[in-house]
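Coordinate inspection notes
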2 protein chains.
Amino acid sequence: MTISLSIGPQNRKSPFFKSTLQDGLTSASIYNHMYFPTSYGDKSAEYDRLLKGVAMWDVSIERQVAFRGRDAVKFARYLTGRNLDDLQIGQGKYIPLCDYQGKLINDPILLQISEDEIWLSIADSDIKLWVSGIAGSLEYRVDVFEPDASPLAVQGPLATPLIADLFGEWVHDLKFFGFRETKLKGIPVILARSGWSKQGGFEIYLLDSNLGENLWAEVKNAGAKYNIGPGAPNYVERLESGLLSFRTDCDEYSNPFEFNLGRFIDLDQNQEFIGKAALQKIKQTGVKREFVGLQIDGPRFNSPPEDRSSIYSEDNYVGYASAAAYSPRLNSNIAVGVINTRHAIDGNEVVVDFSDHKRDARVTPLPMFR
Amino acid sequence: MTISLSIGPQNRKSPFFKSTLQDGLTSASIYNHMYFPTSYGDKSAEYDRLLKGVAMWDVSIERQVAFRGRDAVKFARYLTGRNLDDLQIGQGKYIPLCDYQGKLINDPILLQISEDEIWLSIADSDIKLWVSGIAGSLEYRVDVFEPDASPLAVQGPLATPLIADLFGEWVHDLKFFGFRETKLKGIPVILARSGWSKQGGFEIYLLDSNLGENLWAEVKNAGAKYNIGPGAPNYVERLESGLLSFRTDCDEYSNPFEFNLGRFIDLDQNQEFIGKAALQKIKQTGVKREFVGLQIDGPRFNSPPEDRSSIYSEDNYVGYASAAAYSPRLNSNIAVGVINTRHAIDGNEVVVDFSDHKRDARVTPLPMFR
């Protein structure tokens, strides 16, 4: 059954929206109050392109929440448990954000743009509200705003040669999450080595939303010799790679330790940060659930389940699978999910209830494809 | 061109989701991270039902942000500029929420549930993040949570007899925004006289999300004799009635005075509240833009514009129309929009650019249908 997406000004269109339509967009979602392209009708081709070639994704929905002012760095340190001692302009950092109860509320990439300006490239929640509320109530001297910045991801093993063709050989020097402000044929952009896949690639942050069609065309034209094509953050590849999908995998009780993000939370630093006391307590007590992979028996999945699927062990509910698909590379059905710690053991046998049928499954460590 | 909506656990389904599918849902959006039914395929029938009969709408997307604790009322008073001196349990209030800069960030209905518990029935932004951030940073003694509450709206001139059939004659005593906790055939609900139309009606807040199909069926069955049918917050009726659609009509610079919400902001109360200083300044300076109606020339609109339409006066940009449609009751094309104050004069002639064509229009006061 197909439900058509209502489109209107209550949500924003990406600067690349027209280009994605011209390139055959067939399905979309809404993310950070923007229309989010999810497929161009051939999911198998989109997967192959990402794994073997190069794909271009409109990920404008990765909105930027910026704050500028004399307290910018101090404020950033209060917002996240990640230790920012070695923060530097031009090098991004993945920073889980928690609320005062230590619950995960987003997992952005932090980009320090200048001495007094920081951007958070966010997942799907209104972090601008969160950040401006905290800044306002605690009187941090920062202005919170949304810059005109819309990422276009270029992902896959051929992304690097393509990006080098477009920008020059210096792109090889960018470390992961490294970024630089530059221009492409006069179009102002930030080029970052980043992207929500494990296939390598870059994100080109368009800095003038009037030039979306131009940037799309530049990348598409230069990519023609690499057989570039459109795509979207890939459902199957992210499962294989064990990437966290914030809203899909988490619930309102999730904390970063459950998702193996403890390495990004420095509880020992002197710095006070939001959720520190709560996170210390959670760490002391130990987590009750963990993010794991699952190998699932039975015939190949043709399409992803619309809902979370309950996981049972000996008829007891022990967790949920949040996404499941057939993995061509593993030649197996796989899933990710959150399961009670005592069942989060490699090889542990469970049953997953896909609402219309049940399947046997085994817990496996993440990432499933190495 | 139709884009299909991607459905997955990254957004939630309403407790009425299955029922809406069975009743022929054809299009949807996403609102407060939930799937939001927008049409059942016959917009004209949906309009007629609302105007002349009774319609049932799945508006679970009106999420509730609750806070409970000894500071609940004190905290509510800090969150909004609305004077809450006469707040009482069982009587809701429309409360614009602003940030520290006086910008509108949501416009919920506040429901005081008990001495120490308040709910906000919100429009589309993550007010739970906002509220928990403010409560946490300023150490208000409240717990912020989302209760299990999903509104089902029953709207139209025949809503009252139907609701009386279902709940009893006491429903006539509910004032507008008045509410009462009760049961319907064992299903726990809050019944409120409320709804996003000017046709009268109620919202039944389902308090057990496992019973969505039951509640839908009860209303549908009892409504059969009134020819009830499914619908959604109505695009045309809300234009005629001049209702504010928070995300559609506002932008990131909007303040409540621009939307004639000044009567809900008490700047003279002693109570300190978020944005008070900024709003005092805005009021002193005077607004630069206003929310107005527009009568638009030319042939009948068949479908709503996907984008905001720029408004020009003598070739100068003076504002935007955020929604436009043909109104059967006014026998005219109408729109709402935000226009520079010096052009917000009844009868003022402007030109609206609908991207593929321009039309002459005249500013009219809201609501356009009285």
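Residues numbered from 1 in each chain as written. Chains lettered and ligands numbered in written order. Predicted model: local features only at pLDDT ≥ 70, side-chain atom pairs only at ≥ 80, totals over all residues. Heavy atoms only, no water.

1. Comments concerning the overall build of chain A
If you tally the helices and strands in chain A, you get 9 helices and 22 strands. Radius of gyration (C-alpha) of chain A: 21 Å, near the 21 Å computed for a compact globule of 370 residues. The C-alpha extent of chain A, read off along each of the three principal axes, is 60 × 50 × 40 Å. Classification of the 370 residues of chain A by burial places 61% in the buried group. For chain A, restricting intrachain contacts to residue pairs at least 6 apart in sequence, the fraction spanning at least 24 positions comes to 66%. Surface accessibility of chain A: about 15000 Å² in total, with carbon and sulfur atoms responsible for 46%. (Helix = DSSP H or I, 4+ residues; strand = E, 2+ residues; numbered from the N terminus. Rg over C-alpha atoms; globule rule 2.2 N^0.38 Å. Buried < 20%, exposed > 50% of the residue type's maximum accessible area, 1.4 Å probe, protein only. Contact = heavy atoms within 4.5 Å. Areas by Shrake-Rupley, 256 points an atom, 1.4 Å probe, with all protein chains shown as cover.)

2. Some thoughts on the sheet that holds strand β13 (residues 179–184) of chain B
All names here are of chain B. One open sheet accounts for 6 strands, arranged β13-β14-β15-β12-β4-β16; its pairing is mixed. Strands with a single pairing partner mark the edges of an open sheet, and in this sheet they are β13 and β16 (229–231). Between one strand axis and the next, the sheet turns by 30° as a mean value, whatever way the strands run. Contacts from helix α2 (residues 43–52) reach β4 (55–58), β12 (150–155) and β16 within the one sheet, and its direction differs from that of β16 by about 110°. (Pairing = 2+ DSSP bridges. Axes fitted to C-alpha atoms, helices over the stretch in contact; angles between N-to-C directions.)

3. Describing the domain arrangement of chain A
By convention, interface size is frequently given as the accessible area that disappears when the constituent parts associate. All names here are of chain A. Examined at the domain level, chain A breaks down into domain 1 (17–62 + 148–237), domain 2 (64–145) and domain 3 (288–370). For domain 1 versus domain 3, the distance between C-alpha centres works out to 30 Å. Facing the 7 residues of domain 1 at the interface are 10 residues of domain 3. Summed over both sides, the interface between domain 1 and domain 3 buries roughly 590 Å², with carbon and sulfur atoms accounting for 60% of that surface. It is Tyr47, Tyr235 and Val236 in domain 1 that bury the most area against domain 3; as a group they hold 74% of the surface buried on that side. The interface formed by domain 1 and domain 3 includes 0 salt bridges. Connecting domain 1 to domain 3 are 2 residue pairs in polar contact (both at pLDDT 80 or more). (Domains from an automatic or database assignment. Buried area = accessible area lost by both parts, 1.4 Å probe. Salt bridge = Lys/Arg side-chain N within 4 Å of Asp/Glu carboxyl O. Polar contact = N/O pair within 3.5 Å; in protein donor to acceptor, adjacent residues only side chain to side chain.)

4. Some points on the interface of chain B and chain A
Opposite the 45 residues of chain B that make contact, chain A presents 45 residues. Carbon and sulfur atoms make up 58% of the area that chain B and chain A hide from each other, which totals about 4000 Å². Contact with chain A buries surface across chain B, with Ile3(B), Pro9(B) and Leu129(B) losing the most and accounting together for 17% of the total. Remark: the boundary between chain B and chain A carries 6 salt bridges. Across the pair Glu306(B) and Lys13(A) runs a salt bridge, and its minimum N-O distance is 2.6 Å. Across the contact surface, chain B and chain A share 22 residue pairs in polar contact (both at pLDDT 80 or more).

5. Observations regarding the sheet that holds strand β10 (residues 117–121) of chain A
Residues and elements named next belong to chain A. The strand order across the open sheet formed by 5 strands is β6-β9-β10-β5-β11, and the pairing between neighbours is antiparallel. At either margin of the open sheet sits one strand with a lone partner, and together these are β6 (93–94) and β11 (143–145). Across 5 bridges, the pairing between strand β5 (residues 64–68) and β10 is antiparallel. Paired with Ala66 across the two strands is Trp119, which belongs to β10. Strand contacts of helix α3 (residues 72–79): β5, β9 (109–114) and β10, with the helix running at about 35° to β10, the strand carrying the most contacts. Of the strands in this sheet, β5, β10 and β11 touch helix α4 (residues 127–138), which is tilted by about 170° from β11.

6. Examining the pairing of strand β14 (residues 187–192) of chain B
Residue and element names in this part refer to chain B. Counted residue by residue, β14 has 5 buried out of 6 residues, so it is predominantly covered. Pairing analysis gives 6 bridges linking β13 to β14, with the strands arranged antiparallel. Opposite Leu184, over in β14, you have Ile187 as the bridge partner. When β14 meets strand β15 (residues 201–206), the two strands line up antiparallel, connected through 4 bridges. For Ala192, the partnering residue across the bridge sits in β15 and is Glu203.

7. Here's the deal with the nonpolar core
Side chains that are nonpolar tend, in soluble globular proteins, to be buried together. Counting 70 residues, the largest nonpolar core has Phe167(A), Leu215(A), Val219(A), Phe167(B), Leu215(B) and Val219(B) as the members making the most contacts within it. What Val219(A) contacts, discounting residues up to four positions off in sequence, is Met56(A), Leu152(A), Val154(A), Leu162(A), Leu166(A), Ile204(A) and Ile228(A). (Core = buried A, V, L, I, M, F, W, Y, C linked by side-chain atoms within 4.5 Å.)

8. Topic: the relation of the copies chain B and chain A
Both copies of the chain are tied together by a single rotation about an axis and a shift running along it. Superposition record for chain B on chain A: RMSD 0.0 Å, screw rotation 180°, translation along axis 0.0 Å. Here the transformation between the copies is reduced to the relation of a two-fold axis. Both copies present the same face, since 100% of the interface residues in chain B are matched by interface residues at the equivalent positions in chain A. (Least-squares fit on C-alpha atoms with pLDDT ≥ 70 in both.)

9. Re α2(B)
All names here are of chain B. Taken together, the buried positions of α2 are occupied by Glu46, Tyr47, Leu50 and Leu51. Down the axis of α2, the buried side of the element spans an arc of 125°, and every buried residue falls inside it. Check the buried side of α2 and you find it contacts β3 (34–39), β4, β12, β16 and α7 (235–241). (Arc of directions from axis to C-beta.)

10. Quick notes on the pattern of salt bridges
Residue and element names in this part refer to chain A. Applying the stated criterion across every chain, the model contains 38 salt bridges over all chains. In this structure, the salt-bridge partner of Arg289 is Asp251, at a minimum N-O distance of 2.9 Å. Here Asp251 lies in the loop between α8 (246–249) and α9 (276–285) and Arg289 lies in strand β17 (residues 289–296), a separation of 38 residues in the sequence.

11. With respect to empty space enclosed by the protein
This model, assessed by the stated rule, comprises 1 cavity of 30 Å³ or more. Volume-wise, the largest cavity comes out at about 90 Å³. What lines the largest cavity is a set of 13 residues, and nearest its centre among them are Ile30(A), His33(A), Ile30(B), His33(B) and Asp124(B). Elements with a minimum of two residues in the lining of the largest cavity: β2 (27–31) of chain A together with β2 (27–31) of chain B. Its residues assigned to classes, the lining of the largest cavity shows 4 nonpolar, 6 polar and 3 charged. (1 Å grid on protein atoms, 1.4 Å probe; cavity = no way out; pocket = protein on both sides within 12 Å on 5 of 7 lines; lining within 4 Å. Points joined across faces, edges and corners; volume = space filled by probe spheres on them. Nonpolar A, V, L, I, M, F, W, Y, C, P; charged D, E, K, R; others polar.)

12. Brief notes about the packing of aromatic side chains
Evaluation of the coordinates by the stated rule reveals 24 aromatic pairs over all chains. Here Phe75(B) and Tyr140(B) contribute two aromatic rings whose centre-to-centre distance is 4.7 Å and whose plane-to-plane angle is 45°, an arrangement assigned as tilted. With Phe75(B) in helix α3 (residues 72–79) and Tyr140(B) in the loop between α4 (127–138) and β11 (143–145), the pair connects residues that are 65 residues apart, well separated along the chain. Accessibility assignment for this pair places Phe75(B) and Tyr140(B) in one class, buried. Taken together, the ring pairs connect Phe67(A), Phe75(A), Tyr78(A) and Tyr140(A) into an aromatic cluster. Lying across the ring of Trp170(A), Arg180(A) places its NZ or CZ 4.0 Å from the centre. One cation-aromatic arrangement involves Arg359(A) over Phe301(A); the distance from NZ or CZ to the ring centre is 4.3 Å. (Phe/Tyr/Trp six-rings, centres within 6.5 Å; stacked < 30°, edge-to-face > 60°. Lys NZ or Arg CZ within 6 Å of the ring centre and 35° of its normal.)

13. A short note on helix α6 (residues 212–223) of chain A
Residue and element names in this part refer to chain A. Between the first and last C-alpha of α6 there are 16 Å, a value that for 12 residues agrees with the 16 Å anticipated at 1.5 Å per step. Looking only at α6, the buried set comprises Gly212, Leu215, Trp216, Val219 and Gly223. Along the axis of α6, the buried positions cluster into a sector of 100°, meaning they face one direction only. (Expected span 1.5 Å × (residues − 1).)

14. Observations concerning the packing of α4(A) against α4(B)
For the pair α4(A) and α4(B), interaxial distance at closest approach is 8 Å and the crossing angle is 25°. Classed by the angle they form, the pair α4(A) and α4(B) counts as roughly parallel. Every pair of crossing elements has a handedness; the one defined by α4(A) and α4(B) is right-handed. Where α4(A) abuts α4(B), its residues Ile127(A), Leu129(A), Trp130(A), Ser132(A), Gly133(A), Ile134(A), Ser137(A) and Leu138(A) lie against Ile127(B), Leu129(B), Trp130(B), Ser132(B), Gly133(B), Ile134(B), Ser137(B) and Leu138(B). (Parallel < 35°, antiparallel > 145°, perpendicular 65-115°, else oblique. Left-handed = near helix turned anticlockwise from the far one by under 90°.)

15. Points about unusual backbone geometry
In this model, Leu366(A) is joined to Pro367(A) through a cis peptide bond whose omega is -5°. With respect to the element layout, Pro367(A) can be found in the segment after β22 (358–364). Phi at Asn32(A) is positive, roughly 50°, even though this residue is not glycine. Tracing the chain through its elements places Asn32(A) in the loop between β2 and β3 (34–39). Residue Asp315(B) is not a glycine yet carries a positive backbone phi of 70°. Considering the arrangement of structural elements, one finds Asp315(B) in the loop between β18 (309–313) and β19 (316–327).

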